[in-house]
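Now for the letters of each chain:
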Amino acid sequence: MANPIRQQTTAAYSAQAALSFAIALTAMVVGIAYLPVGPWVRAFLAVGLLYVVTSAFTLAKVVRDRQDEGQVTSRVDQARLDKLLAEHDPFKVDGL
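Residues numbered from 1 in each chain as written. Predicted model: local features only at pLDDT ≥ 70, side-chain atom pairs only at ≥ 80, totals over all residues. Heavy atoms only, no water.

**Some details on the overall build of the protein chain**
Step number 1: Assigned secondary structure in the protein chain consists of 2 helices and 0 strands.
Step number 2: Each of the 96 residues in the protein chain was classed as buried or not, and the buried ones make up 3%.
Step number 3: By element, 67% of the accessible surface of the protein chain is carried by carbon and sulfur atoms, the whole surface being about 8900 Å². (Helix = DSSP H or I, 4+ residues; strand = E, 2+ residues; numbered from the N terminus. Buried < 20%, exposed > 50% of the residue type's maximum accessible area, 1.4 Å probe, protein only. Areas by Shrake-Rupley, 256 points an atom, 1.4 Å probe, with all protein chains shown as cover.)

Encoded structure:
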């Protein structure tokens, strides 16, 4: 059977994603630091930002794990089908 095409991300795409994340996180941290409010409000916003960042990483991991799970299941099913097709003899007559 045909092997599925593996899609790989390029180094430029990975660098762009990392740079985008770093810029967004830096902008939020600077924005919170220079916000004209009291320290308790800044602390609350900083904890909220930390929670959003960790939740985003967790969500990305869950999505990646689900995708990997689907690929493994697909490979197992493909291997079973390949074995069945390899063992099948269309000219074999049963019961003679």
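From this point, the discussion proceeds with the structure in view.
**Quick look at a nonpolar patch on the surface**
Step number 1: On the surface, a nonpolar cluster with roughly 340 Å² of combined accessible area is contributed by V37, V41, F44 and L45.
Step number 2: Mapped onto the fold, F44 is located in helix α2 (residues 39-87).
Step number 3: Judged by its relative accessible area of 65%, F44 is exposed. (Patch = residues over 30% accessible without salt bridge, like charges linked within 9 Å, V, L, I, M, F, W, Y side chains within 5 Å. Salt bridge = Lys/Arg side-chain N within 4 Å of Asp/Glu carboxyl O.)

**Quick word on the pattern of salt bridges**
Step number 1: Inspection of the entire model under this criterion finds 2 salt bridges.
Step number 2: Note that K61 is salt-bridged to D65, the shortest N-O span being 2.7 Å. Of this pair, K61 and D65 both sit in helix α2, 4 residues apart, roughly one helical turn.
Step number 3: Overall, the relative accessible area of 46% leaves K61 in the partly exposed class.
Step number 4: We classify D65 as partly exposed; its relative accessible area is 28%.
Step number 5: Ionic pairing is found between R64 and D65, a salt bridge with its closest N-O pair at 3.2 Å.
Step number 6: Owing to a relative accessible area of 45%, R64 belongs among the partly exposed residues under this scheme.
Step number 7: Salt bridges sharing partners connect three or more residues here, namely K61, R64 and D65.

**Points about the packing of aromatic side chains**
Step number 1: Applying the stated criterion across every chain yields a total of 1 aromatic pair.
Step number 2: Centroid distance F21 to F57: 5.3 Å. Interplanar angle 70 degrees. Geometry classified as edge-to-face. In this pair, F21 sits in helix α1 (residues 11-33) while F57 sits in helix α2, placing the two residues 36 residues apart along the sequence.
Step number 3: In this structure F21 comes out as partly exposed when scored by relative accessible area, which is 35%. (Phe/Tyr/Trp six-rings, centres within 6.5 Å; stacked < 30°, edge-to-face > 60°.)

Any link to function would need more than the numbers given here.
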